[in-house]
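# What the coordinates show
Spelled out from the first residue to the last, the chains are:
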Amino acid sequence: MLFKEELFLYPKKGEKMENKIKKTLPTVLTIAGSDCSGGAGIQADLKSIIMNGSYGMSVITALTAQNTMGVTAIDEPPIEFLHKQLEAVFEDIYPDAIKIGMVFSKEIVKEIVETLKKYDARNIVIDPVMIATSGSKLLSDDAIDSVKKDLLPLATVITPNILEAEELCGIKINNEEDMEKAGKKLVELYGVAALVKGGHSVNDANDVLVTKEKTTWFKGKRIENDNTHGTGCTLSSAIATYLSQGNSLEKSIELAKDYLSEALSDMLDLGKGRGPMNHGYKITRKM
C-alpha cells in the first residue's frame, strides 16, 4: 500500500485537540527544465510521478519555449532563486527520491550539487539531458565538465540514451555489445549504476543496466509510434518514483519501462511534430 497512515492530533477551530488520521505518500522531487507544451521536462515528470503513485515536487532549472517541433528559447532563473526553490523543498517535504534532468549551466550544477550534499539526498536518478528528441541542444558547453566531475558521481543511477552515453564515456555505440561496454565504462568513470537506453538507434527498446556487481538487460517491445517527445524524462521520473516506494533499482526500472510502454501504446497524437505520449492513459482509457 502506498499510503502511509499516521495518528496525529489535529485541532479544529473552536474545538479541543482530537485524534485524526493523516495519510502520506512517498515523495519525489524533480529538478529539471519546464516544457510549456507539457510533453517533457517538469510537466512530464510530475504526470509520471503521480500516475505511478507518489507525490511530486519540482524545482525549475530553466524555462523553455518549446513544442513538438523543437525548442525556440531557453531562459535560466537567477541562481539565488534556484537556491530558494531547493531550500523550500528540502526544509519542508524531504524527498524520498530525486530525478534530475536539464541543468543547462555549470552554475546550476554547482548549486544542485551543494544542496544534495547538504541534505544527504538519496535515491538520485540523473537523466543527463544534452539533446532533445527534436535535436535541440539543452546543455551548454561549460556545463558538461561540471556534470561529469561533480553531479554524476552523486547518482544512484544515470539513464543516458545512446548519444549521451557516447558523450559521457567516449565509446562509439553501434550494437548491444557496445552498449554493455559503454555501461561498464560509465560505472568505472563515475562509480554509479548506468542504464544505457537502446531505443531505435540500436535495438527496438532494449536497455541495459550495468552496476559494479552485474549486467542486466531489460527487453522492450517495439511500438510503432513516432510521438516520443519526453520519453527520457518520463522513464527517469518513473524510476525515481518506484525507488521512492522502496523498490529495488532493478524492479523500479522494470515497472517504469512497463509504464512508458503503455503510455506510448496509447497512441496519443498531438501537435505538428514529434508529439507527447499519454501519461494519463490509466485515467483516459476509462473515459
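Placed above this text is the structure.
Structure report, in brief.

Definitions and cut-offs
Residues numbered from 1 in each chain as written. Predicted model: local features only at pLDDT ≥ 70, side-chain atom pairs only at ≥ 80, totals over all residues. Heavy atoms only, no water. Helix = DSSP H or I, 4+ residues; strand = E, 2+ residues; numbered from the N terminus. Contact = heavy atoms within 4.5 Å. Buried < 20%, exposed > 50% of the residue type's maximum accessible area, 1.4 Å probe, protein only. Pairing = 2+ DSSP bridges. Core = buried A, V, L, I, M, F, W, Y, C linked by side-chain atoms within 4.5 Å. Axes fitted to C-alpha atoms, helices over the stretch in contact; angles between N-to-C directions. Patch = residues over 30% accessible without salt bridge, like charges linked within 9 Å, V, L, I, M, F, W, Y side chains within 5 Å. Areas by Shrake-Rupley, 256 points an atom, 1.4 Å probe, with all protein chains shown as cover. Salt bridge = Lys/Arg side-chain N within 4 Å of Asp/Glu carboxyl O. Lys, Arg positive; Asp, Glu negative; His and termini not counted. Charge placed at Lys NZ, Arg CZ, Asp CG, Glu CD. Polar contact = N/O pair within 3.5 Å; in protein donor to acceptor, adjacent residues only side chain to side chain. Phe/Tyr/Trp six-rings, centres within 6.5 Å; stacked < 30°, edge-to-face > 60°. Lys NZ or Arg CZ within 6 Å of the ring centre and 35° of its normal.

Moving on to the environment of Leu 186. Within the fold, Leu 186 resides in helix α6 (residues 176-190). Each C-alpha atom of the pair Leu 186 and Ile 171 lies 9.9 Å from the other, and the pair is 15 residues apart in sequence. Beyond its immediate stretch of four places on either side in the chain, Leu 186 contacts Ile 158, Pro 160, Ala 165, Leu 168, Cys 169, Gly 191, Ala 194 and Val 196.

Across the five residues that make up strand β9 (residues 193-197), a large majority, five, are buried. Strand direction decides the pairing type here: strand β8 (residues 157-158) and β9, joined by two bridges, are parallel. Paired with Ile 158 across the bridge in β9 is Ala 194. As defined by bridge partners, β9 adjoins strand β10 (residues 207-210) across four bridges and the pair is classed as antiparallel.

So, about the pairing of β10. Neither face of β10 is left uncovered, since the one carrying Asp 207 and Leu 209 and the one carrying Val 208 and Val 210 both have all their residues buried. For β10 and strand β11 (residues 215-218), the ladder comprises four bridges, and the chain directions are antiparallel. Bridge pairing in β11 places Val 208 opposite Trp 217. Count of turn residues in the β10/β11 antiparallel hairpin: four residues.

Moving on to the nonpolar core. One broad rule of soluble globular proteins: the nonpolar side chains tend to lie buried together. Membership of the largest hydrophobic core comes to 48 residues, with the highest contact counts inside it found for Ile 98, Ile 100, Val 103, Leu 116, Leu 151 and Leu 186. When neighbours within four sequence positions are excluded, Leu 116 is seen to be in contact with Phe 90, Ile 98, Ile 100, Ala 121, Ile 124, Leu 151 and Leu 154. Judged by nonpolar contacts, the second largest core, of 25 residues, contains Ile 49, Ala 240, Leu 260 and Tyr 281.

Read from one edge of the open sheet, nine strands run β5-β4-β3-β6-β7-β8-β9-β10-β11, paired in mixed fashion. Across the chains shown, the open sheet's two edge strands, defined by having one partner strand only, are β5 (70-75) and β11. Helix α1 (residues 41-51) rests against β3 (27-35), β4 (55-67) and β6 (97-100) of the sheet, and its axis sits at about 150° to β3.

For the rest of this paragraph, the subject is a negative patch on the surface. Taken together, the side chains of Asp 75, Glu 76, Glu 107, Asp 142 and Asp 145 define an acidic patch exposed on the protein surface. Note on placement: Asp 145 falls in helix α4 (residues 141-151). Looking at Asp 145, the relative accessible area reads 57%, which means it is exposed.

All right, on to the environment of Asn 67 then. Mapped onto the secondary structure, Asn 67 falls in strand β4. Each C-alpha atom, one on Asn 67 and one on Ala 40, is 9.4 Å from the other, the two residues being 27 residues apart in sequence. Excluding residues that lie within four positions of it along the chain, Asn 67 makes contacts with Ser 37 and His 229. Only 2.9 Å separates the side chain of Asn 67 from the backbone nitrogen of Met 69, close enough to count as a polar contact.

Here the focus is the side chain of Ser 54. Looking at the secondary structure, you find Ser 54 in the loop between α1 and β4. A distance of 3.0 Å separates a polar atom in the side chain of Ser 54 from a polar atom in the side chain of Gln 245. Excluding its chain neighbours within four sequence positions, the residues that come into contact with Ser 54 are Leu 25, Pro 26, Val 28, Ile 49, Thr 241, Ser 244 and Gln 245.

Applying the stated criterion across every chain, the model contains 16 salt bridges. In this structure, the salt-bridge partner of Glu 167 is Lys 148, at a minimum N-O distance of 3.8 Å. With Glu 167 in helix α5 (residues 162-169) and Lys 148 in helix α4, the pair connects residues that are 19 residues apart, well separated along the chain. For Glu 167, a relative accessible area of 38% corresponds to the partly exposed category. Overall, the relative accessible area of 22% leaves Lys 148 in the partly exposed class. The partner of Lys 172 in a salt bridge is Glu 166, with the nearest N and O atoms 3.7 Å apart.

The tally for this structure, following the rule as stated, stands at three aromatic pairs. With centroids separated by 4.9 Å and ring planes inclined at 20°, the aromatic side chains of Phe 90 and Tyr 119 adopt a geometry described as stacked. Taken together, the residues Phe 90 in helix α2 (residues 79-90) and Tyr 119 in the loop between α3 (106-118) and β7 (124-126) connect sequence positions 29 residues apart. Neither residue differs from the other here; Phe 90 and Tyr 119 are each classed as buried. Look at Tyr 259 and Tyr 281: their rings are 5.7 Å apart centre to centre, the planes differ by 35°, and that puts the pair in the tilted class. With Tyr 259 in helix α9 (residues 249-265) and Tyr 281 in helix α10 (residues 281-284), the pair connects residues that are 22 residues apart, well separated along the chain. Taken as a pair, Tyr 259 and Tyr 281 share a single burial class, namely buried. Cluster of aromatic residues (ring-pair linked, three or more members): Phe 90, Tyr 94 and Tyr 119. The ring of Trp 217 is capped by Lys 219, whose NZ or CZ atom sits 4.9 Å from the centre of that ring.

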